[in-house]
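Descriptive analysis of the structure
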Amino acid sequence: MDKNFEGKQFTGVIKFTPPLYKQRYEFVKDLVRKYKPKKVADLGCADCTLLWMLKFCSCIEVLAGLDICATVMKEKMHRLSPLPADYLEPSEKTLTVTLHQGSVAHKDPCMLGFDLVTCIELIEHLEESELEKFPEVVFGFMAPTMVVISTPNSEFNTLLPGVMVFRHPDHKFEWDRAQFQSWAQDTAERYDYSVEFTGVGNPPTGMEDVGFCTQIGVFVKKYPQTREPVQCEEPTEAAYKTVFKAVYPSLKDEKYLQNAVVCEVMYRAQIIKRSLLHHLLSEYDEHSDDPTERKLKLQSSVNCCSEDCHMLPVEKGMEPFVSGNVVYIPLRKIFSFPKVNQLCGTFEKFCRLISGKVTLSSDCSAVMLNIERENEEN
């Protein structure tokens, strides 16, 4: 159902809070939170609002949208692109979002392998010939683990002012609960799914007999299969046109992981350096040439720095020190910070990721930071 149409029809008589379209989307999000699918496809994705909401679900790695009208998708598809913050702090998960133009009556291999397929307010827009092919495409060919189909409940229409036949001029039909459940149960039986019925949009008190405004069927594929799968004709070529694709930065991509590690290394190294220099400037007597006192001051400074940051156990003798105009911060020290440790996993990988990206001592055991640069900044 069109969002603008909803607002006009329900105002002053029945007002859904939140709006009905949001309730449908929240229903899908609740299923995603519960079952944690990795690959989700939205058929009839229209302006991509549901896809945009789902891209924030941490379990999802692949999102795909399909709609017959590319123009509608293109109006809002920019929302599916990564933001600058996604590059500054890449996620640990991978996420690929793709939009396709095409009909749900056609098969395309790009729609195989999905865990969840949603069809929100879609089937009532299909011509009779398309509706006949729809079950074979979705349940027979795509065969996802779960399918969610929502459609208007025509029994609720008597409560909606101005609705004479259908709620939207593009609707080809609107089913009552018995019609939808009969179609859904026949489809589930044919393709070896179970189906449960629910809905969103509660009726007014005292009129519960009309049911939900939007009726929903949740189909779940039976495992193990109790019969031979329905044979579907394999498509010979792609039927859809890809109109959008975005691959989000991820720490699983080594170039983003390397950047994250280097940034964290420099951040931690600067904290240690500044803390060390601060204590040296405030506590060290410039006229003292006693090397023992200098060593004690340095050790005291390092201890103060360590108190400010949670660290993993680190070997003795791996403390930062100053030589000339350079602060040396052992790599083992930096690797002991939990975030660095978690990003890299092993010290060997840590060394490989920062090699050539930060200035290291001649034996590659410590990060080198110049004191003069610190003085210029101050």
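See above for the structure.
Every chain is numbered independently, its residues counted from 1 as its sequence is written. Local features are withheld for residues below a pLDDT of 70 in this predicted model, meaning they are given only at 70 or higher, and side-chain atom pairs are given and counted only at 80 or more; totals for whole chains, interfaces and linings count all residues. Excluded from the side-chain calculation are hydrogens and water; included are all heavy atoms of the structure.

Looking now at the overall build of the chain. What counts as a helix is a DSSP run of H or I of at least four residues, what counts as a strand is a run of E of at least two, and both are numbered from the N terminus. On a plain count of helices and strands, the chain comes out with 13 helices and 11 strands. Burial classes: relative accessible area under 20% of the type maximum marks a residue as buried, over 50% as exposed, and values in between as partly exposed (1.4 Å probe, protein chains only). For the chain, buried positions account for 48% of its 378 residues. Whether two residues touch is decided by their heavy atoms; if any such pair falls within 4.5 Å, the residues are in contact. Taking the intrachain contacts of the chain between residues at least 6 apart in sequence as the baseline, contacts between residues at least 24 apart amount to 73%. Every accessible area reported is derived by Shrake-Rupley at a probe size of 1.4 Å, with residue values counting cover from the shown protein chains alone. Summed over its atoms, the accessible surface of the chain is roughly 20,100 Å², and 51% of this surface lies on carbon and sulfur atoms.

Right, let's get into the packing of helix α6 (residues 128-142) against helix α7 (residues 177-191). Relative to each other, α6 and α7 sit at 45°, their axes nearing to 10 Å. Judged by the angle between their axes, α6 and α7 are oblique. Classified by chirality, the crossing of α7 by α6 is right-handed. Contact residues: α6 offers L131, F134, P135, E136, F139 and G140, while α7 offers W183, T187 and Y191. In the scheme used here, Gly and all other residues not listed as nonpolar or charged are polar, with Ala, Val, Leu, Ile, Met, Phe, Trp, Tyr, Cys and Pro taken as nonpolar and Asp, Glu, Lys and Arg as charged. Residues that form the contact of α6 with α7 fall into these classes: six nonpolar, two polar and one charged. Here the axes come from fitting lines to C-alpha atoms, over the contacting stretch only for helices, and the angles between their N-to-C directions go from 0 to 180 degrees. In what follows, roughly perpendicular refers to angles from 65 to 115 degrees, roughly parallel to angles under 35, roughly antiparallel to angles over 145, and oblique to any angle outside these ranges. Here is the rule for handedness: rotate from the far helix to the near one, and if that takes an anticlockwise turn smaller than a right angle the crossing is left-handed, while a clockwise turn gives right-handed.

In summary, the pairing rule links any two rings of Phe, Tyr or Trp, Trp by its six-membered ring, whose centres are within 6.5 Å, and it sorts them by plane angle into stacked for under 30 degrees, edge-to-face for over 60 and tilted for everything else. For the structure shown, the criterion picks out 17 aromatic pairs. Ring centres of F139 and Y191 lie 6.3 Å apart, and the angle between their planes is 25°; on these two criteria the pair is classed as stacked. Here the residue F139 occupies a position in helix α6, and Y191 occupies one in helix α7, the gap between them amounting to 52 residues. The buried category is assigned to Y191, whose relative accessible area is 8%. Centroid distance F335 to F347: 5.5 Å. Interplanar angle 75°. Geometry classified as edge-to-face. Taken together, the residues F335 in helix α10 (residues 331-335) and F347 in helix α12 (residues 347-354) connect sequence positions 12 residues apart. In terms of burial, F335 and F347 fall into one category: buried. In textbook terms, an aromatic cluster arises when at least three aromatic residues are bridged by ring pairs, as seen for F134, F173, W175, F180, W183 and F197. The criterion for a charge sitting over a ring is simple: Lys NZ or Arg CZ within 6 Å of the ring centre, and within 35 degrees of the ring normal. Above the plane of the ring of F347 lies R332, whose end atom (NZ or CZ) is 3.7 Å from the centre.

Nonpolar core, defined: a set of buried Ala, Val, Leu, Ile, Met, Phe, Trp, Tyr and Cys residues in which side-chain atoms within 4.5 Å join the residues together. In terms of nonpolar packing, the biggest core is built from 44 residues, with L54, I60 and L99 touching the most fellow members. Looking at this core, the elements with two or more residues in it are α2 (20-35), α3 (49-54), α4 (70-76), β3 (96-101), β4 (116-120), β5 (146-152), β7 (214-221) and β8 (241-247). When residues of this core are assigned to their parent elements, the largest contribution, seven residues, is made by α2. With 31 residues, the next largest nonpolar core counts L126, F141, W175 and A184 among its residues.

With that settled, consider a nonpolar patch on the surface. A contiguous nonpolar surface patch, about 350 Å² in accessible area, is contributed by M164, V165 and F166. Mapped onto the fold, M164 is located in the loop between β5 and α7. Each patch is built from residues that are more than 30% exposed by relative accessible area and take part in no salt bridge. Like charges join if they lie within 9 Å; nonpolar side chains (Val, Leu, Ile, Met, Phe, Trp, Tyr) join within 5 Å. Salt bridge, as used here: a side-chain nitrogen of Lys or Arg that lies within 4 Å of a carboxyl oxygen of Asp or Glu.

As a further point, take the side chain of T214. Topologically, T214 is positioned in strand β7. What makes T214 buried here is its relative accessible area of 0%. Pairing of N or O atoms within 3.5 Å defines a polar contact, subject to two protein rules: one partner must be a possible hydrogen donor and the other a possible acceptor, and residues neighboring in sequence count only if both atoms are side-chain atoms. Within the structure, the side chain of T214 is placed 3.0 Å from the side chain of R24, a separation counted as a polar contact. Not counting residues up to four positions away in its chain, the partners in contact with T214 are L20, R24, E121, S150, T151, T198, G199 and V200.

Glycine aside, residues mostly have negative phi angles, and peptide bonds mostly take the trans form. Here T17 and P18 are connected by a cis peptide whose omega angle stands at -5°. By secondary structure assignment, the location of P18 is in the loop between α1 (3-10) and α2. Of note in this structure, A46 is not a glycine but carries a positive phi near 50°. In this fold, A46 is placed in the loop between β1 (39-43) and α3. A relative accessible area of 30% places A46 in the partly exposed class.

Counted by the stated rule, this structure contains 10 salt bridges. A salt bridge links R268 to E264; the nearest nitrogen and oxygen atoms lie 2.9 Å apart. Of the two residues, R268 and E264 are both situated in helix α8 (residues 254-283); the distance of four residues between them amounts to about one turn of the helix. Among the residues examined, R268 registers a relative accessible area of 17% and is labelled buried. Between E264 and K339 there is a salt bridge, with its nearest N and O atoms 3.7 Å apart. Note that E264 is positioned in helix α8 and K339 in helix α11 (residues 338-344), a separation of 75 residues in sequence. Its relative accessible area of 7% is what places E264 among the buried residues. Three or more residues are tied together by salt bridges with common partners; here these are E26, D30 and R33.

Looking now at the pairing of β7. Counting buried residues in β7 gives seven out of eight residues, a clear majority hidden from the surface. Strands pair, by our definition, only if DSSP identifies at least two bridges between them. In terms of strand pairing, β5 meets β7 through seven bridges, oriented antiparallel. Opposite M146, over in β7, you have V220 as the bridge partner. As paired elements, strand β6 (residues 193-200) and β7 share eight bridges and run antiparallel to each other. Bridged to V200 within β7 is T214.

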